[in-house]
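Now for the letters of each chain:
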Amino acid sequence: DQIEDAYEAYCNYWREKFYKLHKNEEELNRIFIEIYGLEDELTPDVPFEDITILKKEAKIIDGELVFDKKEIIKQFISYFVGVLFARFSLDKEGLILANLGDDIDEYLKQIPNPKFLPDDDNIVPILEREYFEDDIVNRFKEFIKKVFGKEYFSENLRFIESAVGDIRKYFNKEFYKDHIKRYKKRPIYWMITSKNGAFKALIYMHRFYPDIFARVRIKYLLELIAKIESRIESLDKRLNAADSKEKKQIEKELIKLNKELKELYEFDKVLQKYANKTFEIDLDDGVKVNYCKFKEILYPISNLCKK
């Protein structure tokens, strides 16, 4: 299957719904005007702009309903993240894991043979380069293949990137800002992040567990530090034998990697304080109270944690 066909089917479905709703509203107006004898005072006409559905997904341009491809693809990506964290499933409608303490075992009780297996430890790295197998971009590509078939993967990824740009760049730079906006500054997925984003990982609030920060540190942050140290060492060795053009490229990469490494060392000092303890959260306290407990290591959301 091709995403472009699914997108067209989506647009056609909602276009039909939109025009039907518009027609129904005008028909209701006609009935009321007739009942109350208001023909001389009121008109049954309803401007398209007053129809309340598809406000984010479409705009009225020159009297026509025009869909916003970028917004629709972003919503699709948001759904994928929900499936990745086991909030949703390809196999069953509605919420799957939405109670604190729910884990992958609970998910597998409900869906023993899922089409797409969610993340097992509730930690998904989002990085500029691919350092981990369960990196969000790798999981997204796997999702596309699973839903739409491997044979159309290249075309499908191209279609997605024609809407949101390079997919790694989108996840790295834009996804979380979109998520904050989508959830009106009350995000259910939390971004653990170092100061300038050299380290970023998503967790799902509803699957929070007491030692999650220890796992983030050991399995991901320290592992990333080791991988970057190893890359720096390897580049240092190549430097002497390189010609002048390659030397420039290596030096440029080394400056970037050393800067990232410094940031990761600093972040490790901060994360360690959280990794050495266990924490409980209470969903009844709401997103704001819980998010602000960990504001030192989470993506800063303007005015959220102000007293």
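Residues numbered from 1 in each chain as written. Predicted model: local features only at pLDDT ≥ 70, side-chain atom pairs only at ≥ 80, totals over all residues. Heavy atoms only, no water.

A sheet is described by the order of its strands in space; here three strands give the open sequence 3-5-4, paired in antiparallel fashion. A single partner strand is all that each edge strand has here, and the edge strands are strand 3 (124–125) and strand 4 (189–193). One ladder, built from five bridges, connects strand 4 with strand 5 (residues 200–204); its direction is antiparallel. Among the inter-strand pairings, tryptophan 190 is bridged to a residue of strand 5, identified as isoleucine 203. (Pairing = 2+ DSSP bridges. Helix = DSSP H or I, 4+ residues; strand = E, 2+ residues; numbered from the N terminus.)

Further remarks concern helix 4 (residues 136–148). Across its 13 residues, helix 4 extends 18 Å between first and last C-alpha, which sits within 8% of the 18 Å expected from 1.5 Å per residue. Close packing links the buried residues of helix 4 with helix 1 (3–35), helix 2 (69–84), strand 3, helix 5 (153–164), helix 6 (167–182) and strand 5. The N-cap of helix 4, judged by a side-chain oxygen 2.9 Å from the amide nitrogen of valine 137 a few residues on, is aspartate 135. Glycine 149, located one to two residues past helix 4, shows a positive phi value of around 95°. (Expected span 1.5 Å × (residues − 1). Contact = heavy atoms within 4.5 Å. Polar contact = N/O pair within 3.5 Å; in protein donor to acceptor, adjacent residues only side chain to side chain.)

If you add up the space inside the largest pocket, you get close to 780 Å³. If you go around the largest pocket, you meet 35 residues; those closest to its centre are Lys195, Asn196, Gly197, Ala198 and Glu263. Contributing elements (two or more residues each) for the lining of the largest pocket: helix 6, strand 4, helix 7 (212–241) and helix 8 (244–275). When residues of the lining of the largest pocket are assigned to their parent elements, the largest contribution, eight residues, is made by helix 8. Considered as a void within the structure, the second largest pocket measures approximately 300 Å³ in volume. Listing elements by their share of the lining of the second largest pocket, those giving two or more residues are helix 1, helix 2 and helix 4. The leading source of residues in the lining of the second largest pocket is helix 2, at five residues. Here the residues of the lining of the second largest pocket sort into twelve nonpolar, one polar and no charged. (1 Å grid on protein atoms, 1.4 Å probe; cavity = no way out; pocket = protein on both sides within 12 Å on 5 of 7 lines; lining within 4 Å. Points joined across faces, edges and corners; volume = space filled by probe spheres on them. Nonpolar A, V, L, I, M, F, W, Y, C, P; charged D, E, K, R; others polar.)

Throughout the structure, instances matching the rule amount to 19 salt bridges. Glutamate 27 is the salt-bridge partner of arginine 30, the closest N and O atoms lying 3.4 Å from each other. Here glutamate 27 and arginine 30 lie together in helix 1, a separation of three residues that amounts to about one turn. Here aspartate 268 ties to arginine 217 by a salt bridge, and the two come within 2.5 Å at their closest N and O atoms. A residue pair is termed long-range when its members are at least 10 positions apart, and aspartate 268 in helix 8 and arginine 217 in helix 7 qualify at 51 residues. Across the pair, exposure class does not vary: aspartate 268 and arginine 217 are buried alike. One network of salt bridges, with partners in common, ties together Glu128, Arg129, Lys256 and Glu260. (Salt bridge = Lys/Arg side-chain N within 4 Å of Asp/Glu carboxyl O. Buried < 20%, exposed > 50% of the residue type's maximum accessible area, 1.4 Å probe, protein only.)

Another point: helix 5. Between its first and last C-alpha atoms helix 5 spans 16 Å; for twelve residues at 1.5 Å apiece the expected length is 16 Å, and the two agree. Residues of helix 5 that are buried: Phe153, Asn156, Leu157, Phe159, Ile160, Ala163 and Val164. Buried residues of helix 5 fall within an arc of 155° about the axis and therefore sit on the same side. Of the surrounding secondary structure, the elements contacted by the buried residues of helix 5 are helix 1, helix 2, helix 4 and helix 6. Where helix 5 ends, the next residue or the one after it, glycine 165, has phi of about 85°, a positive value. (Arc of directions from axis to C-beta.)

This paragraph deals with the packing of helix 1 against helix 5. Packed helix pairs are specified by the crossing angle of their axes together with the interaxial distance, meaning the distance between the axes. Between helix 1 and helix 5, the least distance of the axes is 8 Å, while the angle of their chain directions is 50°. One way to sum up the angle between helix 1 and helix 5 is to call them oblique. Here Ile3, Glu4 and Tyr7 of helix 1 lie close against helix 5, whose contacting residues are Asn156, Phe159 and Ile160. Of the residues assigned to the contact of helix 1 with helix 5, the class counts are four nonpolar, one polar and one charged. (Axes fitted to C-alpha atoms, helices over the stretch in contact; angles between N-to-C directions. Parallel < 35°, antiparallel > 145°, perpendicular 65-115°, else oblique.)

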